[in-house]
Structure formats: C-alpha cells, structure tokens
Amino acid sequence: VKVGNSADGFAQVASIVSDFKLEEPTCFKDVHPYLKNKTSSCVHELGDYLENYVTFDSRTFVAPYDRIYLYDGAGQLIGTYTGFELAGKTIAVKTKTLKVVLESNNDNQQGWGYSIDKVEHLPYDALAPILWENARRKKK
C-alpha cells in the first residue's frame, strides 16, 4: 500500500495490494455458450479482506432476456446485468464470497456467459496508516 498526504492533509491509499487470476469453479468451467432454460449458481471464494474488486472477462455476455445476478456473502443483491453490461467491468464486493447466478430463458438465444479475469484485494491492514495519521493529528 502506498500512502501519501493530499493537499487537505488526509492520508490516501493510492494502490491496491494484490491481485490474482481467479480459478473458475467447475460449475461454470467450459460452459461457453451457456445452455438455454437453465439457472446456474456459483459461489466464488474471495478471501477475508476489507474489500474485493472482481473484474469480469471482456467476453462476458448474456442474450436479451437472460440475466446475471450478483450477490454478496450476506445474500444481498449487488446488481442485475444483461447483454454486455458486465463485460470488462470491475465490481466492489465487501464480503468473503461472491455468488453469481446466471438465468437463461427458453428461447434459442444464448450468450457466451461470464468469466472472472481477476480479483484484487484491499486488506484490512491498509487502514493502519490512515488510522495512525488520524490518531497523530488528534494528539496535536
């Protein structure tokens, strides 16, 4: 983590610590394009971090009327996506897991589906320099 001071005196985290290619669980491995009239669900383990940044493959695509639903580890809906809306997009997830549900209807239009390119993490200890700086300022 790089920490610097901005003009107003607050410490800022300037970069994310690590990133890696997520190994795809078998529930979506090699299912491109996905099948019609199916609902597939997959939970991706992200790890215990302050925040995770999940970047989807640029080929991510679902046909019209098909949907990708993203849920955090608490089961809260992060978003609903169709078409190319997730292609190359990075989504912030504050929980240890990301659940991806792909729903396809019964028409004959299927897309490529989805894949995750990488996951970047912001670890809890990235807050330490900010907290130390704030504590130092309060003592003055």
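Structure's up top.
Rules of the game
- Residues numbered from 1 in each chain as written.
- Predicted model: local features only at pLDDT ≥ 70, side-chain atom pairs only at ≥ 80, totals over all residues.
- Heavy atoms only, no water.
- Pairing = 2+ DSSP bridges.
- Helix = DSSP H or I, 4+ residues; strand = E, 2+ residues; numbered from the N terminus.
- Buried < 20%, exposed > 50% of the residue type's maximum accessible area, 1.4 Å probe, protein only.
- Lys, Arg positive; Asp, Glu negative; His and termini not counted.
- Salt bridge = Lys/Arg side-chain N within 4 Å of Asp/Glu carboxyl O.
- Polar contact = N/O pair within 3.5 Å; in protein donor to acceptor, adjacent residues only side chain to side chain.
- Contact = heavy atoms within 4.5 Å.
- Axes fitted to C-alpha atoms, helices over the stretch in contact; angles between N-to-C directions.

Undergrad: Help me understand the pairing of strand β7 (residues 77–81) in this model?
TA: In summary, the side chains of a regular strand alternate between the two faces of the sheet. Here strand β6 (residues 67–72) pairs with β7 via four bridges, running antiparallel. Pairing of Y71 across the sheet is with L77, part of β7. A loop of four residues connects β6 with β7, the two strands running antiparallel in sequence, and G75 in this loop sits at a positive phi of about 80°.

Undergrad: What is the right way to read the side chain of D66 from this model?
TA: Within the secondary structure layout, D66 lies in the loop between β5 (51–56) and β6. We note that D66 is buried and unpaired, the nearest opposite charge coming from R67 at a distance of 6.8 Å. Separated by 2.8 Å, the side chain of D66 and the backbone nitrogen of N105 make a polar contact. Contacts of D66, omitting those with residues within four sequence positions, involve Y34, Y81, T82, E103, S104, N105, Q109 and Q110.

Undergrad: What is the right way to read the sheet that holds strand β9 (residues 97–103) from this model?
TA: Across a sheet, strands are paired by hydrogen bonds formed along the backbone, either parallel or antiparallel in direction. Pairing in this open sheet of four strands is antiparallel, and the strands run β4-β9-β6-β7 from one edge to the other. The two strands at the open ends of the sheet, each matched to only one other strand, are β4 (39–45) and β7. With strand direction ignored, the average angle separating the axes of adjacent strands in the sheet is 15°. With six bridges connecting them, β6 and β9 associate as antiparallel partners. Paired with Y69 across the two strands is V101, which belongs to β9.

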